[in-house]
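# A look at the structure
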Amino acid sequence: MTITTLTSALEKITAASPFEVQAIHQRVIQQLQEGGNATGLPVGTKAKDFGLSDSLGNQINLADELAKGPVVLTFYRGGWCPYCNRQLRAYQEILPDIQTLGAQLIAVSPQLPDYTLSDQEKAEMSFKVLSDPKGIVAAKYNLLYDVPDYLRGMYLSHNIDLHEYNGTDHWVLPVTGTFMIDEYAVIRSAYVNPDFTKRMEPEDILWELRKL
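### Some details on unusual backbone geometry
The backbone of Asn159 shows a phi angle near 60 degrees, a positive value even though the residue is not glycine. Of note, Ala185 is a non-glycine position whose phi angle comes to about 70 degrees, a positive value. Considering the arrangement of structural elements, one finds Ala185 in the loop between strand E8 (176-181) and strand E9 (187-193).

Below is the structure:
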């Protein structure tokens, strides 16, 4: 996979979106950028431990996984998000390289376990996909934000009901972020971007892992 592959794929998703959807997305992105609140944990700090369920109901603890080696921890918005789906597929493609470097990949979204992945995706994804339905872990990583009413209205008009997907009346989402965490639970690299149409490139993940 080349450095531009994921970026190019995400740009195509944006280009195919209706103009009014792009305008609303740009509005919320600008609001997040100007707010400067959900900026993620800084490099050099300790990662926050957590225990979350995967799509099969198994409890996964970060500390237990770090005992096996470094972890690439990525937060995404949900399976309803085409940018997230493309990101996860791209990361699945480099999973053998991640594992060769002695690390593993964990993905976290606010969706309930039943919604984290479709049956097909469960078969295709061989990394851990965890459910953080109330955004508690995303909040610990300073990524959580309240979905503004205008964005909520747009999602509902497209049959995207976060109340159903996330199992909570409080509409929240994480800013997309990816952290390289070493076996001592120290964040060694972080990519946090309020522009959810952009994600950390797979090659950049491997580059950062090689530096651990």
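### Concerning the nonpolar core
Leu73, Phe75, Ile98, Tyr141, Ile181 and Ile205 are the most contacted members of the largest nonpolar core, which has 62 residues in total. Tallying contributions element by element places helix H4 (residues 82-93) first for this core, with five residues. Not counting residues within four places of it along the chain, the set of residues in contact with Ile205 comprises Val72, Tyr91, Ile94, Ile98, Thr178, Met180 and Met200.

### Structural notes on helix H8 (residues 149-157)
Listed in full, the buried residues belonging to H8 are Leu151, Met154 and Tyr155. Down the axis of H8, the sector holding all buried residues measures 100 degrees, keeping them to one side. Looking at H8, the residues exposed on the side facing more than 90 degrees away from the buried face are Asp149 and Ser157. Just downstream of H8 lies Asn159, where phi reads positive at about 60 degrees.

### Comments concerning the pattern of salt bridges
Where charged atoms from two side chains of opposite charge come close, those side chains can pair. Inspection of the entire model under this criterion finds five salt bridges. Across the pair Glu65 and Lys68 runs a salt bridge whose closest N-O atoms are separated by 3.0 Å. With relative accessibility at 5%, the residue Glu65 sits in the buried group. You can call Lys68 exposed: its relative accessible area is 58%. Of the charged contacts, one joins Glu65 and Lys128 as a salt bridge, the two residues approaching to 3.5 Å between their closest N and O atoms. Pair noted here: Glu65 is in helix H3 (residues 62-66) and Lys128 is in strand E5 (residues 128-131), with a separation of 63 residues, a long-range link.

Criteria and thresholds
Residues take numbers from 1 onward in each chain, read along the sequence in its written order. Selection of residues for local features in this predicted model requires a pLDDT of at least 70, selection of side-chain atom pairs for listing and counting requires 80 or more, and totals for whole chains, interfaces and linings are taken over all residues. In computing side-chain properties, one takes all heavy atoms of the structure into account and sets aside hydrogens as well as water. Secondary structure elements are defined from DSSP: runs of H or I of at least 4 residues count as helices, runs of E of at least 2 residues count as strands, and each element is numbered from the N terminus. Put simply, a nonpolar core is a bunch of buried Ala, Val, Leu, Ile, Met, Phe, Trp, Tyr and Cys residues held in one set by side-chain atoms that sit within 4.5 Å of each other. Type-normalised accessible area, obtained with a 1.4 Å probe on protein chains alone, sets the label of each residue: buried when under 20%, exposed when over 50%, and partly exposed for intermediate values. Should any heavy atoms of two residues lie within 4.5 Å, those residues are considered in contact. Arc definition: directions from the helix axis to the C-beta atoms. Salt bridges are identified by distance alone: a Lys or Arg side-chain nitrogen within 4 Å of an Asp or Glu carboxyl oxygen.

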